[in-house]
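Close look at the chain arrangement
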Amino acid sequence: MNRRAFVSGLAVAALAGVAPLPAAADGKRVALVIGNGAYRSVPALTNPPTDAGDIAAALKRLGFAVTLIRNGSFDDMRRSLIAFGREAAGADMATVYFAGHGMEINGDNWLIPVDAELKRDTDAANEAISLQSVMLQVSSTGSLGLVILDACRNNPFATKMSRSIATRAAATSGLGRIEPVGNVLVAYAARDGTTALDGDGRNSPFAAALLRNIEAPGVEVTFMFRNVRDDVMEATRNEQQPFVYGSLSRKAIYLAAPPAETASAKQANNAPAAAAPALSAPPATPVGAIDPALVGTWEIMVASGRGQSRWIWQIMADGTYKFHAEPFRSAQAHEGTVTFANGRWTLHALKGMRHYSDAGSYEVHDATAVITGKLGTGYWKRSVE
């Protein structure tokens, strides 16, 4: 295991309970956040208004000027979208988050206001908001237009709707596949043609995962959504798979603070590079150079092409560490010396892998730790072992 592989363990896992580092917005950032739960013609949804409020707060901390709408009617959504589009034109980033009911009819995707009745499939154009129109409002940004939809729930409108031409206008489960153009990404809580869970906690599974990851500094936006995907699949036992549509350029885009070395940083999720030649071992770490809060066993769940693996570090009070992964073949076991003191850390691998050294800063938050190294920031969780 080499430098890039080691740091991937730091950078890819965002865990609950960590206070994210503040992010400085580069350029104008605007967001429209809508959470519809109090539907008048079908049973209410519990979580969307709460999800929207929590996401709005997170976006504000990331430097977005946020418009928040709870239980929006057709007119509320239409007017706010028009005003948002004017603000989004020429902005560096523009984001729309919608939680509530959404559906596909005849190949078009619609976001459903709380006052919609949708007695017929042809009513959608007059009672719902087209996803295509939402995508257009974020398409003229300088860096990123982002649409996030927790709107794939099992939809009661579809079952009671009269269809003008059954074979052509049948409403399908969830939202339909789309192909955004330009610098637009669209994130579904569940991939096209499938449904998402509303959840029985404060937030839906998708919103909860998004809140755990969206403020993680040093994680590029597309990799952030990969972390969200893995969190949701783990929480729903693979019943719900989020999906992101769209294709961006090679330019790295960060919602939160970028890595310390953006000029040379590559995403920690990349495949490990070839190991460097072995060098002489550095001096042993002095005894006592370990913050007591870091002593113990820490873990991170790491996603790869072969699925998830569990990476475990044991930090000893004598300034040594041991690393292993489960499954065993997912990463090479190794050990060496480490220091954690006064918010700074260093690491030198001595046994089990080619020579590697790194250093950075750290913060401890109860059972989690924010670790910043040469290639970014990651999150450790104290193991129950």
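Up top you'll find the structure we're talking about.
In this report, the structure presented in the accompanying data block is examined. (Residues numbered from 1 in each chain as written. Predicted model: local features only at pLDDT ≥ 70, side-chain atom pairs only at ≥ 80, totals over all residues. Heavy atoms only, no water.)

Okay, helix α3 (residues 74–88) next. Here α3 spans 21 Å end to end across 15 residues, near enough to the 21 Å set by a 1.5 Å rise per residue. Looking only at α3, the buried set comprises Phe74, Met77, Ser80, Leu81, Phe84, Gly85 and Ala88. Seen end-on, α3 carries its buried residues on one side only, within an arc spanning 140°. Summarising the geometry of α3, the exposed residues directed more than 90 degrees from the buried face are Arg79 and Arg86. One or two residues past the end of α3 sits Gly90, with phi positive at roughly 85°. (Helix = DSSP H or I, 4+ residues; strand = E, 2+ residues; numbered from the N terminus. Expected span 1.5 Å × (residues − 1). Buried < 20%, exposed > 50% of the residue type's maximum accessible area, 1.4 Å probe, protein only. Arc of directions from axis to C-beta.)

Right, let's talk about the nonpolar core for a bit. Grouped together as the largest cluster of nonpolar side chains are 83 residues, with contacts concentrated most on Leu149, Leu210 and Leu255. Sequence-distant contacts of Leu149, defined by excluding residues within four places in its chain, comprise Phe98, Leu111, Leu131, Leu175, Val186, Ala187, Tyr188, Ala189 and Phe206. By size, the runner-up hydrophobic cluster in this structure holds 23 residues, among which are Ile290, Trp313, Phe323 and Leu347. (Core = buried A, V, L, I, M, F, W, Y, C linked by side-chain atoms within 4.5 Å. Contact = heavy atoms within 4.5 Å.)

On to the sheet that holds strand β9 (residues 184–188). The six strands are arranged β2-β1-β3-β7-β9-β10 in an open sheet whose pairing can be described as mixed. Single-partner strands in this sheet number two, and they are β2 (65–70) and β10 (243–245). With direction set aside, neighbouring strand axes in the sheet form an average angle of 10°. Packing of α3 onto the sheet brings it into contact with β1 (29–35), β2 and β3 (93–99), and relative to β1 it is tilted by some 170°. (Pairing = 2+ DSSP bridges. Axes fitted to C-alpha atoms, helices over the stretch in contact; angles between N-to-C directions.)

What follows covers the pairing of strand β7 (residues 144–150). Along β7, seven of the seven residues are buried, which leaves the element largely enclosed by surrounding structure. Across the two faces of β7 the burial is the same, with Leu144, Leu146, Ile148 and Asp150 and Gly145, Val147 and Leu149 all buried. Of the strand pairs in this sheet, β3 and β7 are connected by seven bridges, and their pairing is parallel. Residue pairing in the sheet places Ala94 in a bridge with Gly145 of β7. Bridge analysis of β7 against β9 gives five bridges, and the strand direction is parallel.

Next up on the list: the packing of aromatic side chains. This model, assessed by the stated rule, comprises eleven aromatic pairs. Taking 5.0 Å as the distance between ring centres and 45° as the angle between the ring planes, the aromatic pair formed by Phe243 and Tyr245 counts as tilted. The class of Phe243 is partly exposed, set by a relative accessible area of 22%. Aromatic side chains Trp298 and Trp380 sit 6.3 Å apart centroid to centroid with 45° between the ring planes, which places their arrangement in the tilted category. Residue Trp298 is located in strand β11 (residues 296–304), and its partner Trp380 is located in strand β18 (residues 376–382); the two are separated by 82 residues in the primary sequence. There is no split in this pair, since Trp298 and Trp380 are both buried. Through pairs of rings, three or more aromatic residues link up here, namely Trp298, Trp311, Trp313, Phe323, Phe340, Trp345, Tyr362 and Trp380. (Phe/Tyr/Trp six-rings, centres within 6.5 Å; stacked < 30°, edge-to-face > 60°.)

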